Amino acid sequence: MTRASSQDRALRERAAAVIPGGMYGHQAVGLLPDDYPQFFKRGDGAHIWDVDGNRYLDLMCAYGPNLFGYAHPEIDAAYVRQLGLGDTLTGPTALMVRLAEEMTEMVGHAAWAMFCKNGTDATTMALMTARAHTRRKTIVRAKGAYHGAAPWCTPRPAGTIETDHAHHIFCDYNDVASLEEAVAQAGDDLAAIFAAPFKHDAFIDQAQPDLAYARKARELADATGALLIVDDVRAGLRIARDCSWSVIGVEPDLSTWGKCIANGHPISALLGSEKARKAAAAIYVTGSYWFQAAPMAAALETLRLVRTTDYLERITAMGERLSAGLVERAAANGLGLRHTGPGQMPLYLFEDDPDLRKGFFFVSQMLDRGVYLHPWHNMFLCAAMTDADIDGVLNAAEDAFAALRREGPGLAPVAKLAFLAGGQR
């Protein structure tokens, strides 16, 4: 099956002349199959259209921001109404106070909220708050965990220096002994323990948080006077209507939020407990667009839908049905497919596929059939998806698995993922 791609190719050529690398950041397709589109034209509900007019059911949901559907009429109407009144003003509107009230009412551990634009803004504010609160420098975080793209946390070293990464000690996620060792190494200089809501590193199986690990993180933070931070930028509102670790009964001191809290409109947040309030008030953080009113209006409407609909139960049920169906259909074709992580944020990896050649072939086959999947990053379900959409994915997968069964033995290595053979996976 051949999809139109001339407009995408032309835009890539133009971009290469005026944008370093042609594209940068997590939405670059350099580590995806060569037939994946880089540029898109529009989104509606659970679907996106690339610049050549090809339509896809989007299981990336813009890498997370799409919770209730692209171009959601009520959320976007709230945004547009406020845009007509004022957006970037000399000071914030009353919506900022109302949004802080609603978020702190929703999140059990939170007594206050601060708003910014990106997840990296929020995690950096959390780091600064912890250091201001403790007057210490060292943080403990899990190997492979992603907390943003600032120099202190970027996964790529280019443009950074050793001191950007100073005072970081790494542990293995879900490994209590490793966590204890890292905290002991920090000694009396521990400012914070960073935790992902679950292990959602790229290229490897995901893992739910082990209760003993989460409880130990809370215990060690309390014993040392450090702050426990749960980075909920990716998973916030997709695991629970509270902080993600609320489902296992462990509350952090700080939590970071973003992506879907305004259904894709640009806003993120740092929420904190009472004991960290004074420190949060002491740090200097700001941005010319951090106090925009229109995204706050969109966030308030998004939170209304969070409170009043069964969106979470629906995406959870659909995710579980999708994962079970894909694993079953893969097995019927003699293929081993692993599903890890929550059903509403799934990752699928094939057995015996160290360089992801099977994964690349499969997702390209699915793209030809109108389904946008990712071969090595967790995906997302949104509330605009329907049972019919899930049926469509499973039907497309039957054909794609059959094609993989036929052609799998002759697949060539994926050159762009050769680094996985070096144990960096």
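Look up: the structure comes first, before these words.
About the thresholds
- Residues numbered from 1 in each chain as written.
- Predicted model: local features only at pLDDT ≥ 70, side-chain atom pairs only at ≥ 80, totals over all residues.
- Heavy atoms only, no water.
- 1 Å grid on protein atoms, 1.4 Å probe; cavity = no way out; pocket = protein on both sides within 12 Å on 5 of 7 lines; lining within 4 Å.
- Points joined across faces, edges and corners; volume = space filled by probe spheres on them.
- Nonpolar A, V, L, I, M, F, W, Y, C, P; charged D, E, K, R; others polar.
- Salt bridge = Lys/Arg side-chain N within 4 Å of Asp/Glu carboxyl O.
- Helix = DSSP H or I, 4+ residues; strand = E, 2+ residues; numbered from the N terminus.
- Buried < 20%, exposed > 50% of the residue type's maximum accessible area, 1.4 Å probe, protein only.
- Axes fitted to C-alpha atoms, helices over the stretch in contact; angles between N-to-C directions.
- Parallel < 35°, antiparallel > 145°, perpendicular 65-115°, else oblique.
- Left-handed = near helix turned anticlockwise from the far one by under 90°.
- Contact = heavy atoms within 4.5 Å.
- Core = buried A, V, L, I, M, F, W, Y, C linked by side-chain atoms within 4.5 Å.

## Points about empty space enclosed by the protein
- By the definition in use, this model includes 1 cavity of 30 Å³ or more.
- In this structure, the largest cavity occupies an estimated 80 Å³ of space.
- Lining the largest cavity are 13 residues, and of these Tyr 348, Phe 350, Gly 359, Val 363 and Pro 375 sit closest to its centre.
- The residue inventory of the lining of the largest cavity, partitioned by class, reads 10 nonpolar, 2 polar and 1 charged.

## Re the pattern of salt bridges
- Tallying each qualifying case throughout the model produces 24 salt bridges.
- The residue Arg 338 makes a salt bridge to Asp 205 at a minimum N-O spacing of 3.0 Å. Placement of Arg 338 in strand 11 (residues 337-340) and of Asp 205 in the loop between strand 7 (190-195) and helix 6 (211-224) is noted, with a sequence separation of 133 residues between them.
- For Arg 338, a relative accessible area of 21% puts it in the partly exposed group.
- On the basis of relative accessible area, Asp 205 is assigned to the partly exposed category, the value being 29%.

## Focus: the packing of helix 10 (residues 357-368) against helix 11 (residues 387-407)
- Closest axis-to-axis distance for the helix 10/helix 11 pair is 9 Å, and the angle between their directions is 135°. In terms of axis orientation, helix 10 runs oblique to helix 11. Between helix 10 and helix 11 lies a crossing whose hand is right-handed. Packed against helix 10, whose contacting residues are Lys 358, Phe 361, Phe 362, Gln 365 and Met 366, the element helix 11 presents Val 393, Ala 396, Ala 397, Ala 400, Phe 401, Ala 403, Leu 404 and Glu 407 at the interface.
- Its residues assigned to classes, the contact of helix 10 with helix 11 comprises 10 nonpolar, 1 polar and 2 charged.

## Some remarks on the nonpolar core
- In terms of nonpolar packing, the biggest core is built from 118 residues, with Leu 59, Phe 115, Ile 193, Leu 237 and Phe 362 touching the most fellow members.
- Ranked by the residues each element gives to this core, the list is headed by helix 8 (residues 293-308), at 10 residues.
- If we ignore the near neighbours within four places in the chain, the residues touching Phe 115 are Met 96, Leu 99, Ala 100, Met 103, Ile 267, Ser 268, Ala 269, Trp 290 and Met 296.
- Counting 21 residues, the second-largest nonpolar core is a separate cluster that includes Trp 112, Ala 150, Cys 153 and Leu 227.

## Comments concerning the environment of Cys 61
- On the secondary structure map, Cys 61 appears in the loop between strand 3 (55-58) and helix 2 (73-85).
- Look at Cys 61 and you get buried, because its relative accessible area is 0%.
- Here the alpha-carbon distance between Cys 61 and Glu 274, two residues 213 residues apart in the chain, equals 34 Å.
- Residues within four places of Cys 61 in sequence aside, it is in contact with Asn 66, Tyr 70, Arg 238, Phe 380, Leu 381, Cys 382 and Met 385.

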